[in-house]
Amino acid sequence: MTSIFRRGELHSLAAPYALDALEPKEHKRFEKHLGRCEDCAAEVRALREDAVRLAWSTAAPAPAALRDRVLTAVRNTPQDPAPAAEPRERARAERPPSRARRSSFSPFLIPLASTTAAAALVVAALFGVQASRTQDRLDQERAQAREITHVLAAPDARAVTGRDAKGRGLGVVASASQRAAVVTGAGLGSPADDRVHQLWLMRPEGKPRSLGLLDGDTPLIATGLNPDATSLAVTVEPSGGSPQPTTAPVVQLALESLGFGE
Amino acid sequence: MEADELLVLVAGGDQKAFEDLYALVSGPVFGLVRRVVRDPAQSEEVAQEVLLELWRSAARYDPGRGTALAWVLTLAHRRAVDRVRSARAAGERELRMARRANGPAFDHVAEEVEAGLEREWVRRCLDRLTALQRQSVTLAYYDGYTYREVAERLSLPLGTVKTRMRDGLTRLRNCLGGVA
Ligand SMILES: [Zn+2]
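What you are looking at is a predicted structure, and each value in this text was computed from that prediction instead of being measured. (Residues numbered from 1 in each chain as written. Chains lettered and ligands numbered in written order. Predicted model: local features only at pLDDT ≥ 70, side-chain atom pairs only at ≥ 80, totals over all residues. Heavy atoms only, no water.)

1. Remarks on the overall build of chain B
Broken down by element type, chain B carries nine helices and zero strands. N-terminal to C-terminal, the α/β element order of chain B is α-α-α-α-α-α-α-α-α. With 180 residues in all, chain B has 54% of them scored as buried. Expressed as a percentage of contacts within chain B between residues at least 6 apart in sequence, the contacts between residues at least 24 apart total 63%. Accessible area of chain B: about 7500 Å², with a carbon and sulfur share of 48%. (Helix = DSSP H or I, 4+ residues; strand = E, 2+ residues; numbered from the N terminus. Buried < 20%, exposed > 50% of the residue type's maximum accessible area, 1.4 Å probe, protein only. Contact = heavy atoms within 4.5 Å. Areas by Shrake-Rupley, 256 points an atom, 1.4 Å probe, with all protein chains shown as cover.)

Given below as structure tokens:
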């Protein structure tokens, strides 16, 4: 009886464990339990990802000196050998099935806020995608291309791309004077069946403004952008889109370096 | 490349891959450590230990047990919490003063564009928890208190705190909406 009771109590430690809130003894006991209890292992896995969101929201640029110190140390520090117990896991990690598709977005793998040089890459990406389109689609996109050219031709047109740690991001060419931007999504994947990716203009004052639905890698042209806009964000919404975002953004991109937000 | 792939390369001794990994995770690692530890010098020290540990123990990352990002930030969080607890146990005055100078949670973190919006969403979602759920989660995660300490501070039974923590995290997940 006591052992069942104790087991039950152990199960309830998943949340404090995921928050690193157990005392050392309990921590050890629960880790042992994790090896035997699939329910707890699964729960911890999920709760950990929630905690990551809490962590991610505290991100702040690390001091430059830290990078130098760490990289120097890395050059002089031997690595621990791999644990012998998990050869299967390693093999799986080396051949993840979904990666090939994502790597095709490599033009977007540019640090946030790199500007003019990125413009060429963004344009290449925008037009590169047309190869596999139908004639209808091409005509439609040629019209879009004129708009795009228009934005690009503006003397203050600048490009910016950014992506998060999961490879999701946005590429933007924008002109503050024209109050227009060409936006493409990268690495967003397709949302679930009855869901869409919706693009929002975020402003410090006032509600997010919908700029339309992002469809795969098709460029979206946004006009009449508010000069005080601070960033673009993409959320997953029910098909047809929503008047206001109903979920947290999957990606976001600051517009500061493009001449907005003043 | 994503953190998962980079970690595999890093495990094989690829220093270039480590630089890329550093670019991806140093901000979140440093920000999280600073949030928990508060003291700037100590934060840098702990962040350095964590980042170097990524290099040393990359081979221990097990994709079957979660994303690379979760692994990295779990490691960072644990080291930060260890530091803050041993400092607390030693009754370190300096740290307490730094905490006071830095004010309550959320206020002292400088606004940085990249994390700003995410921070805003997380804050909004935290606001939707009940006060006890929110306090249970943030006292543990951001301030490094054990759930026993949280129970004491909030004058709640242990069982209640465990439940509030789980409900709080689950509600947070729902609010943040399938994004993780
Ligand atoms: Zn269990």
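From this point, the narrative continues.
2. Structural notes on the coordination of the zinc ion
All names here are of chain A. For the zinc ion, the full set of protein donor atoms is His11 (ND1), His33 (NE2), Cys37 (SG) and Cys40 (SG), and the range of their distances to it is 2.0 to 2.4 Å. Angles of 107 to 114° at the metal separate the four donor atoms of the zinc ion, which places the site in the tetrahedral class. Donor residues binding the zinc ion come from one chain and are separated in sequence as H-x21-H-x3-C-x2-C. You can call Cys40 buried: its relative accessible area is 2%. (Donors = N, O, S within 2.8 Å, 3.2 Å for Na, K, Ca; no water. Tetrahedral: all angles 85-135°; square planar, octahedral: opposite > 155°, others 65-115°.)

3. So, the interface of chain B and chain A
It is common to give the size of an interface as the accessible area lost on bringing the parts into contact. Taken together, the contacts link 76 residues of chain B with 75 residues of chain A. Between chain B and chain A the total buried area reaches about 7200 Å² when both faces are included, carbon and sulfur atoms providing 61% of it. Put simply, chain B and chain A have eight salt bridges between them. Glu43 of chain A is the partner of Arg166 of chain B in a salt bridge, and the nearest nitrogen-oxygen pair spans 3.7 Å. (Buried area = accessible area lost by both parts, 1.4 Å probe. Salt bridge = Lys/Arg side-chain N within 4 Å of Asp/Glu carboxyl O.)

4. Some details on the confidence of the model for chain A
Residue and element names in this part refer to chain A. Confidence in the prediction for chain A averages 73 pLDDT; 67% of positions are at 70 or higher. Predicted confidence in chain A is weakest over helix 7 (residues 99-103), with a mean pLDDT of 32, and strongest over helix 2 (residues 14-18), with 96. Here residues 1-5 scores under 50 on pLDDT; set against residues more than four positions off or in separate chains, the count is zero contacts. Throughout residues 86-133 the model reports pLDDT below 50, and contacts reaching past four residues in sequence, or to other chains, amount to 66 contacts. (pLDDT = per-residue confidence, 0-100.)

5. A word on helix 8 (residues 147-154) of chain B
Residues of helix 8 of chain B that are buried: Tyr147, Val150, Ala151 and Leu154 of chain B. One side of helix 8 of chain B holds all its buried residues, which, seen down the axis, span an arc of 100°. Where the residues of helix 8 of chain B are buried, they touch helix 2 and helix 3 (24-36) of chain A together with helix 7 (131-141) and helix 9 (158-176) of chain B. (Arc of directions from axis to C-beta.)

6. Section: the pattern of salt bridges
Using the criterion set out here, one finds 15 salt bridges over all chains in the structure. Its salt-bridge partner being Glu19 of chain B, residue Arg67 of chain A comes within 3.6 Å of it at the nearest N-O pair. Of this pair, Arg67 of chain A sits in helix 5 (residues 64-75) while Glu19 of chain B sits in helix 2 (residues 15-37), which puts the two residues in different chains. Here Glu44 of chain B ties to Arg69 of chain A by a salt bridge, and the two come within 2.8 Å at their closest N and O atoms. Separated into two different chains, Glu44 of chain B in helix 3 (residues 40-57) and Arg69 of chain A in helix 5 make up a pair that spans both.

7. Focus: the sheet that holds strand 4 (residues 195-202) of chain A
Residues and elements named next belong to chain A. Spatially, the four strands line up as an open sheet ordered 5-4-7-8, and their pairing is antiparallel. Both edges of this open sheet fall to strand 5 (209-214) and strand 8 (251-254), since each of them pairs with a single strand only. Here the average twist between neighbouring strands, direction ignored, is 30°. (Pairing = 2+ DSSP bridges. Axes fitted to C-alpha atoms, helices over the stretch in contact; angles between N-to-C directions.)

8. Notes on empty space enclosed by the protein
Inspection of the entire model under this criterion finds three cavities of 30 Å³ or more. In this structure, the largest cavity spans a volume of roughly 40 Å³. Lining the largest cavity are Ala18, Asp20, Arg48, Ala51 and Val52 of chain A together with Leu73, Thr74, His77 and Tyr141 of chain B. Among the elements of the structure, helix 4 (38-56) of chain A together with helix 4 (68-89) of chain B are those that each provide at least two residues to the lining of the largest cavity. Partitioning the lining of the largest cavity into residue classes produces five nonpolar, two polar and two charged. (1 Å grid on protein atoms, 1.4 Å probe; cavity = no way out; pocket = protein on both sides within 12 Å on 5 of 7 lines; lining within 4 Å. Points joined across faces, edges and corners; volume = space filled by probe spheres on them. Nonpolar A, V, L, I, M, F, W, Y, C, P; charged D, E, K, R; others polar.)

9. Quick word on the environment of Ala18 of chain A
Residues and elements named next belong to chain A. Summarising the element assignment, Ala18 is placed in helix 2. Along the chain, Ala18 and Ala51 lie 33 residues apart, while their C-alpha atoms are 7.3 Å from each other. Among residues more than four places away in sequence, those in contact with Ala18 are Leu47, Arg48 and Ala51.

10. Quick word on the nonpolar core
Core analysis: the biggest nonpolar cluster contains 83 residues, and Phe30 and Leu54 of chain A together with Phe18, Val25, Val29 and Met165 of chain B have the highest contact counts within it. The element best represented in this core is helix 2 of chain B, accounting for 12 residues. Leave out the neighbours within four places in its chain, and Val29 of chain B touches Ala47, Val50, Leu51, Val72, Leu73 and Ala76 of chain B. With 23 residues, the next largest nonpolar core counts Ala181, Leu199, Leu232 and Leu253 of chain A among its residues. (Core = buried A, V, L, I, M, F, W, Y, C linked by side-chain atoms within 4.5 Å.)

11. Thoughts on the environment of Lys162 of chain B
Along the chain, Lys162 of chain B turns up in helix 9. Given a relative accessible area of 10%, Lys162 of chain B falls into the buried group. Along the chain, Lys162 of chain B and Val137 of chain B lie 25 residues apart, while their C-alpha atoms are 9.6 Å from each other. If we skip the residues at most four places from it in the chain, Lys162 of chain B touches Glu9, Ser12, Leu13, Ala15 and Pro16 of chain A together with Tyr147 of chain B.

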